[in-house]
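# Commentary on secondary and tertiary structure
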Amino acid sequence: MMRIAQSMAELIGQTPLLRLGRIAPHFDGELLAKLELWNPSGSEKDRVAQAMLAAAEADGTLRPGTVIIEATSGNIAFSLAMLAVPRGYHLVLVMPEAVPPWRVQLLRAMGAEVVMTPTSLGMAGAQAHATALTQSYPSVFRPEQFSNPLNPAAHERIAHELWEACEGRLAAVVVGVGTGGTVTGVGRHLKALSGGAVRVVAVEPAASPVLTGGEAGVHRLLGMGPPFIPATYDATVVDEVIAISDGSCHDTLLRLYRTEGLLSGPTGGAAIAAALQLAARPDFAGQRLVAIIPDSMERYTAMGFWRDEPLLMPTVSE
Ligand code: PMP
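Residues numbered from 1 in each chain as written. Predicted model: local features only at pLDDT ≥ 70, side-chain atom pairs only at ≥ 80, totals over all residues. Heavy atoms only, no water.

Attention shifts here to the site of the ligand. Residues in close proximity to the ligand total 16 residues, the closest being Gly178, Thr179, Gly180, Thr182 and Thr267. A distance of 2.8 Å is found between an oxygen atom of the ligand and a side-chain nitrogen or oxygen belonging to lysine 45. Contacts to the ligand include threonine 182, whose side-chain N or O atom sits 2.5 Å from an oxygen atom. For the shell around the ligand, a count of residues per class yields three nonpolar, nine polar and four charged. (Near = heavy atom within 4 Å. Polar contact = N/O pair within 3.5 Å; in protein donor to acceptor, adjacent residues only side chain to side chain. Nonpolar A, V, L, I, M, F, W, Y, C, P; charged D, E, K, R; others polar.)

As structure tokens, then:
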């Protein structure tokens, strides 16, 4: 029965699970995609923003008049704008000025204040400016998704949703890593639900293999691969890290669009590329694999993802 939702927040989660039956015709198991792009602002970050705001309201850190400040150019900006502005909060987003004008315009249209920092200073510069800005307001709440433990915790729900839909039959979950919140929350809970049986696979950019001890480098897998290991990434829940190149992600996405019609963004493409590698291994024959699709490619217009576009920010993270 269709129900009438009372707020956008109520529409977060319970995202669809899609069987990708065409992209890997030779795989005799099942490749599934968890469609987090179905969340109301268009990404899985809605879960994180909702959890962080609700907890801050509950413990009194966030109350009428408190200003919310976050350094981000990524999906959490849209999630925070969707949830915080209608609740009456002033939201300040700090981001490098290389962010395409449409993103800035849209976030301003949603009621957020957008403050720009020099692109040459990267996300670290945006972070430093956000910290400096806290002095300008009497009451400030900083969600800080790269260190807030509610980020991974918010993703535990995904594990429950997957486990329920799969009725306990799931061999591996594949997740692109940005803050690491998704892989940590989903992985930890799937391990708990399965008695450790589900294999947890993290995906990182081949050109910036920081999770496996390599050097940070320039890559186009927007939304993942920050140049450091975030506090919200728990390596102990990860069984394996697979590195995916920009080119492999591009190629996989074109196959995904043309075989399945699923308009995943870059990080979902990287997760599918890694899942296809698992599908080719004998130990996953006949098994069920799931890749997380965090958002849609429409959010990457003029962002420098495709090979023929100029790369906007030299080190891309959130
Ligand atoms: N995909 C996209 C599109 C993202 O914006 C992010 C967040 N940076 C991720 C994947 C990675 O998720 P997480 O931050 O939970 O590691």
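Position of arginine 22 among the secondary structure elements: in the loop between strand E1 (17-19) and strand E2 (30-35). Under the relative-accessibility criterion, arginine 22 is labelled exposed at 58%. For the pair arginine 22 and alanine 153, spaced 131 residues apart in the sequence, the C-alpha separation amounts to 33 Å. (Helix = DSSP H or I, 4+ residues; strand = E, 2+ residues; numbered from the N terminus. Buried < 20%, exposed > 50% of the residue type's maximum accessible area, 1.4 Å probe, protein only.)

To continue, consider the side chain of threonine 184. Considering the arrangement of structural elements, one finds threonine 184 in helix H7 (residues 181-194). Owing to a relative accessible area of 1%, threonine 184 belongs among the buried residues under this scheme. At 2.9 Å, the side chain of threonine 184 forms a polar contact with the backbone nitrogen of aspartate 234. Those residues in contact with threonine 184 that lie beyond four places of it in its chain are Pro152, Thr232, Tyr233, Asp234 and Val237. (Contact = heavy atoms within 4.5 Å.)

Of note, the phi angle at glutamine 14 is positive, near 50 degrees, even though the residue is not glycine. Turning to its location among the elements, glutamine 14 is positioned in the segment before E1. The exposed category is assigned to glutamine 14, whose relative accessible area is 59%. Of note, the phi angle at glutamate 167 is positive, near 45 degrees, even though the residue is not glycine. Of note, glutamate 167 is situated in the loop between helix H6 (156-165) and strand E7 (172-176).

This part takes up the pairing of strand E3 (residues 67-71). Along a regular strand, successive side chains alternate from one face of the sheet to the other. Taken across its five residues, E3 has five buried, putting it largely inside the fold. Of the strand pairs in this sheet, E3 and strand E4 (residues 90-96) are connected by five bridges, and their pairing is parallel. Opposite isoleucine 68, over in E4, you have leucine 91 as the bridge partner. Crossover handedness for the path E3 to helix H2 (residues 75-84) to E4: right-handed. Bridge count for E3 against strand E6 (residues 140-141) is two bridges, and the pairing is parallel. Across the sheet, the residue bridging to isoleucine 68 is phenylalanine 141, located in E6. (Pairing = 2+ DSSP bridges. Right-handed = clockwise from strand over helix to strand, strands pointing away.)

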